[in-house]
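Coordinate analysis (summary)
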Amino acid sequence: MNKWNFPGGYGLMPRGANEAGIEAFLDDIPMSLAREVIQNSMDAHDPENPNPVRVVFSISDEETNKIIGKTDLLERVLPKAINFWHEKNASDTHKYLKAFKAVFQEPYMKVLKISDYNTIGLRQANFDSLIEGSGYSEKADTSASGSKGIGKAAPFAASKLRMVLYNSLATEKGDMDPTEKFAGAINFVSYADDTVDNHVNDYGKEFITQSRGLLENAHYSECEFIDQRTEHGTDLYILGLKNIEFWEEQIVLAVLNNFLVSLYKGLLEVGIGKYIIKRDTLGELFNSIYESKRVGQFELKGKYKQQFFKSYSYYNTLQPENHISIQLPKTWIEKYAFIDASDDGQLVLYKDDEDATRCILQTRRSGMKIFEQNRISGTIPFTGVFMATGNKLNEFLRKLENANHDKWSLDRASDSERVLTDEFFTDLRKWYKSSVEEFFGAQSDESINAFGLNDLLPVVGKEDENEQGREGGINRRVKSVKNSHISSKSTRVDGDSDEKIIDELASEMEVGQGNTSGGGSSKTGAPGGVKEDATYGAGNEPGDKGEELGGEKVIGHTYREIDSPKFLKLKLMELNSRNGEYRFIALSSIPKNKLAFEWQIVGENGSSYKTDIEVSTSSTHQILKDKRKIVVSDIQKNDRIQVDFKVNTKGRVKMKGVIYEVKC
């Protein structure tokens, strides 16, 4: 009988079902799984094999009785765990143990097999870090996408059992490095093991196991559905695959979203059921999904639609006939020691009048998406892709990536490199902006695009309120306002950006693809505008005091402008520009009694003009109105607010927000 080994010790802190590493990947399991597993496969590419890394996903139903180690788990381990947690108030752990037993009681369980080819397989160091290590990983070179050791938890998040098997054939590295390797791992829960000699020590402490268990002395041949590998590489088996509808279709979208550059450059090929994704099939697949707005029977909505349209624009940007290609400035070679030549990085830009993202997709040499740099230009419909290819530049950026590999963070720079890192990030953004403006110029159309789904709305600070402008012929009256409160909560993972959290909220509301207007103008105010730190007198009802200096009506409140509030994140989205319909969502990290939101339309000349508000309603928050502000009351910590409104101006306009503290 195959036995599972759970190391432990006396008086250890028990671990329940809420494993932090696994929790990080539960929000979007297909996306997280595809991103992390393919990243690991690309990091293991065999340098002596000229072919691209190939990753194949396949789902099957296997007999439960043939699962290796089943008897030991059900007869020895599970009863001890149930008994240990029985009287503890740990509902999530009770739920996990109940589901664990139920999976093994079914005659068949769903298994997801993920195989890679043209890789080196799991050499001993890689094997040890993957199976037995925590918080680190062994990588072959500095261009590797992963290095934190966090992503290896993603497969366990996809399993009801949190159980994974590995079978690998590695390239030879030395006589002490066996080429065939097999392992089983489970992220279970801790329990008291009374089979250990002296399971209670002299101090009355029980022997408590760790939650991580490994199969002892097992071989792949003992599991009937596992085949012997004949090519170098690794097979990963996720046992008890979670019941998620449209698994294959969601993985297709995740691959296109996260590995577009890898696929386009011929570094990667992916097979998912009937879908073969590689450089030669990218165009046909993109066009098919774009025209039908679906992958197979999976209809694109919300975040899936948003992500795909952005990926589609990035794909078009990569086409040579569409883009302008720019290398790093030569002056950076002397300024930055991690840049050896101008071709260490490449920026490609595309003026996309239909599906512009107004962002730069940023990647390193592996081609995996890191994140999208926004706030480049609010008036030019462009899409860009930046590819860091130099060895030193890759190593420099890799060290700055967070655990999810979706952000380059200044906080991860060493003290000695912090100033230089900050300068590089600033130079990079300025280079993006100047390149877009140099090659595409300022937008001359009569309409200026409103915020889409891609940017956090800039909250206007007082330093921006130092210039006055003229009207510019824009109709400024808001016709109606309606409000609803988003009840769902989001979880911040290490390195999660505020933009990412806001985008997730936006996707929950089923908002389609929009266009981004960028950072907004520094020119504000019509003649006679509001001066800094102005407050307004009180009245019993809206309008009782008439017009104040600067054109303000009052509703019995005083307003104090908040200069660039750090606690508040906003996003403004276009719903239907032809009808003048927009939506803003807000997320506050601290409770507030009342906040006022004021929106300003930005004209082509850079001047901004305040809008008048006529109607506001809410079923969850009390909303008051005056001529130009929406006042929201009783805002709790991490409250989500959604407001739809309509302006008379037809066609796309550029808008920005000003926030006020409200006191009665």
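So, the nonpolar core
- Within the largest apolar cluster, 96 residues are counted, with the highest numbers of intra-cluster contacts made by Leu-256, Ile-277, Phe-308 and Phe-424.
- Sequence-distant contacts of Ile-277, that is, excluding residues within four places in its chain, are made with Val-252, Val-255, Leu-256, Leu-263, Leu-268, Glu-269, Val-270, Ile-272, Leu-282 and Leu-285.
- Trp-85, Met-109, Ile-226 and Tyr-237 belong to the second-largest nonpolar core, a separate cluster that totals 37 residues.

Overview of the environment of Gly-21
- Looking at the element boundaries, Gly-21 is found in helix H1 (residues 20–23).
- Along the primary structure Gly-21 and Phe-156 are separated by 135 residues, whereas in three dimensions their C-alpha atoms are 9.4 Å apart.

Observations concerning the pairing of strand S23 (residues 592–602)
- Of all eleven residues in S23, ten are buried, a share of seventy percent or more.
- Pairing between S23 and strand S28 (residues 629–635): six bridges, direction antiparallel. Residue Lys-594 lies in a different strand from S28, and its bridge partner there is Ser-633.
- Two elements, S23 and strand S30 (residues 654–663), share eight bridges in a ladder whose sense is antiparallel. By the bridge assignment, Leu-595 is partnered in S30 with Glu-661.
- Sheet analysis places S23 next to strand S24 (residues 608–610), joined by three bridges and oriented antiparallel. Residue pairing for S24: Gln-600 is matched across the bridge by Lys-610.

Quick word on the side chain of Ser-190
- Position of Ser-190 among the secondary structure elements: in the loop between strand S6 (180–187) and strand S7 (207–209).
- A polar atom in the side chain of Ser-190 sits 2.9 Å from the backbone oxygen of Thr-209.
- Setting aside its immediate chain neighbours within four residues, Ser-190 contacts Met-13, Pro-14, Arg-15, Phe-84, Trp-85, Ile-208, Thr-209, Gln-210 and Ser-211.

Digging into the sheet that holds strand S16 (residues 360–363)
- A sheet is described by the order of its strands in space; here five strands give the open sequence S14-S15-S18-S16-S17, paired in mixed fashion. The strands lining the two open edges of the sheet, one partner per strand, are strand S14 (324–327) and strand S17 (369–373). When the angles between neighbouring strand axes are averaged without regard to direction, this sheet yields 20°.
- Here S16 runs beside strand S18 (residues 382–388); their pairing, made up of four bridges, is parallel. Residue pairing in the sheet places Gln-362 in a bridge with Phe-386 of S18.

Quick look at the environment of Val-270
- Summarising the element assignment, Val-270 is placed in strand S10 (residues 268–272).
- Relative accessible area serves as the criterion here: at 2%, Val-270 is assigned to the buried category.
- Remark: the alpha-carbon pair of Val-270 and Ile-38, spanning 232 residues in sequence, is separated by 8.8 Å.
- The residues contacting Val-270, other than those within four sequence positions of it, are Ile-38, Val-55, Phe-57, Val-255, Leu-263, Tyr-275, Ile-276 and Ile-277.

A word on the pairing of strand S4 (residues 108–117)
- Counting buried positions over the ten residues of S4 gives seven, a clear majority of the element.
- Summarising the sheet, S4 and strand S9 (residues 233–241) pair through five bridges and their orientation is antiparallel. Residue pairing for S9: Leu-112 is matched across the bridge by Ile-238.

Comments concerning the packing of aromatic side chains
- Applying the stated criterion to the full structure yields 35 aromatic pairs.
- With 5.5 Å between their ring centres and 85° between their planes, Tyr-10 and Phe-207 make a pair best called edge-to-face. Within this pair, whereas Tyr-10 is found in strand S2 (residues 8–10), its partner Phe-207 is found in strand S7, the two being separated by 197 residues in sequence.
- Judged by its relative accessible area of 14%, Phe-207 is buried.
- An aromatic cluster is present here, built from Trp-332, Tyr-336, Phe-338, Phe-386, Phe-396, Phe-424, Phe-425, Trp-431 and Tyr-432 joined pairwise through their rings.
- The ring of Tyr-96 has Arg-162 sitting right over it, with the charged end atom 4.6 Å from the ring centre.

Some remarks on unusual backbone geometry
- Although it is not a glycine, Arg-375 adopts a positive phi angle of roughly 55°.
- A residue is classified by how much of its surface remains accessible, and Arg-375, at 43% relative accessible area, is partly exposed.
- One non-glycine residue, Asn-638, adopts positive backbone phi at about 60°.
- As for its position among the elements, Asn-638 is in the loop between S28 and strand S29 (640–647).
- A residue is classified by how much of its surface remains accessible, and Asn-638, at 32% relative accessible area, is partly exposed.

A look at the pattern of salt bridges
- One pass over the structure, following the stated rule, counts 20 salt bridges.
- Among the salt bridges present, the one from Glu-437 reaches Lys-433, with a minimum N-O distance of 3.4 Å. Placement of both Glu-437 and Lys-433 in helix H13 (residues 418–440) is noted, with a separation of four residues, approximately one turn of the helix.
- By relative accessible area, Glu-437 is classed as partly exposed at 39%.
- The partly exposed category is assigned to Lys-433, whose relative accessible area is 37%.
- Taken together, the shared-partner salt bridges connect Glu-63, Lys-66 and Glu-224 into one network.

With respect to H13
- For H13, spanning 23 residues, the distance from its first C-alpha to its last is 33 Å, which sits close to the expected 33 Å at 1.5 Å a residue.
- Trailing H13 by a residue or two, Gly-441 shows a phi angle of about 70°, which is positive.

Considerations on the sheet that holds S10
- Within the open sheet, the nine strands sit side by side as S1-S8-S6-S5-S9-S4-S3-S10-S11. Their pairing is mixed. Each end of this open sheet is capped by a strand with a single partner; those strands are strand S1 (4–5) and strand S11 (275–277).
- Where strand S3 (residues 53–63) meets S10, five bridges bridge the pair, whose relative direction is parallel. Its bridge partner lying in S10, Arg-54 is registered against Glu-269.

What to know about the confidence of the model for the chain
- Taken residue by residue, the chain gives an average pLDDT of 80. The fraction at 70 or more is 76%.
- Here residues 142–149 is a poorly scored stretch, pLDDT under 50, and it has 43 contacts once near neighbours within four places are set aside; other chains count.
- Here residues 507–554 scores under 50 on pLDDT; set against residues more than four positions off or in separate chains, the count is 142 contacts.

Details of the side chain of Asn-187
- Within the element layout of this structure, Asn-187 appears in strand S6.
- Note on Asn-187: relative accessible area 9%, which makes it buried.
- Not counting chain neighbours up to four residues away, the residues in contact with Asn-187 comprise Ile-22, Tyr-96, Phe-156, Arg-162, Ser-211 and Arg-212.

Analysis parameters
- Residues numbered from 1 in each chain as written.
- Predicted model: local features only at pLDDT ≥ 70, side-chain atom pairs only at ≥ 80, totals over all residues.
- Heavy atoms only, no water.
- Core = buried A, V, L, I, M, F, W, Y, C linked by side-chain atoms within 4.5 Å.
- Buried < 20%, exposed > 50% of the residue type's maximum accessible area, 1.4 Å probe, protein only.
- Contact = heavy atoms within 4.5 Å.
- Helix = DSSP H or I, 4+ residues; strand = E, 2+ residues; numbered from the N terminus.
- Pairing = 2+ DSSP bridges.
- Polar contact = N/O pair within 3.5 Å; in protein donor to acceptor, adjacent residues only side chain to side chain.
- Axes fitted to C-alpha atoms, helices over the stretch in contact; angles between N-to-C directions.
- Phe/Tyr/Trp six-rings, centres within 6.5 Å; stacked < 30°, edge-to-face > 60°.
- Lys NZ or Arg CZ within 6 Å of the ring centre and 35° of its normal.
- Salt bridge = Lys/Arg side-chain N within 4 Å of Asp/Glu carboxyl O.
- Expected span 1.5 Å × (residues − 1).
- pLDDT = per-residue confidence, 0-100.

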